[in-house]
Amino acid sequence: MTYPVPLGGERIDRIARKLMQTENRGTVEALLEANPGLAAMMTAAIVPAETVVRMPAAFTPKTAAKRFVLAWE
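Remember, it's a predicted structure, so these values are computed and weren't measured experimentally.

K.L.:
Hey, could you run me through the overall build of the protein in this one?
P.N.:
Each helix and strand counted, the protein has 3 helices and 4 strands in total. Moving toward the C terminus, one meets the helices and strands of the protein in the order β-β-α-α-α-β-β. When the backbone C-alpha atoms are referred to their principal axes, the protein occupies close to 45 × 30 × 20 Å. A buried classification covers 30% of the 73 residues belonging to the protein.

Here it is in structure tokens:
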């Protein structure tokens, strides 16, 4: 699966969320590994417009870290 970045560019974490339903658990890193040279193209985590981002062929999300409760929750 590929994703063409729209005009104006888009943040890499938002692309991960669209393609992989989360920006956590190693998805951003997996996108960067599947798209060599993508990190060098980005400016402040923004992928330039008209860049085609490929989804990793085989991706296993990292296990979720233990949730901690904040004092005010």
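K.L.:
Looking at this structure, how should I read unusual backbone geometry?
P.N.:
Excluding glycine, most residues fall at negative phi; most peptide bonds, likewise, are trans. In this structure, Arg 25 takes a positive phi of about 65° despite not being glycine. Of note, Arg 25 is situated in the loop between α1 (12-20) and α2 (27-34). If you check the backbone angles, Ala 45 has positive phi at about 70° while not being a glycine. Looking at the secondary structure, you find Ala 45 in the loop between α3 (38-41) and β3 (46-47).

Analysis parameters
- Residues numbered from 1 in each chain as written.
- Predicted model: local features only at pLDDT ≥ 70, side-chain atom pairs only at ≥ 80, totals over all residues.
- Heavy atoms only, no water.
- Helix = DSSP H or I, 4+ residues; strand = E, 2+ residues; numbered from the N terminus.
- Buried < 20%, exposed > 50% of the residue type's maximum accessible area, 1.4 Å probe, protein only.

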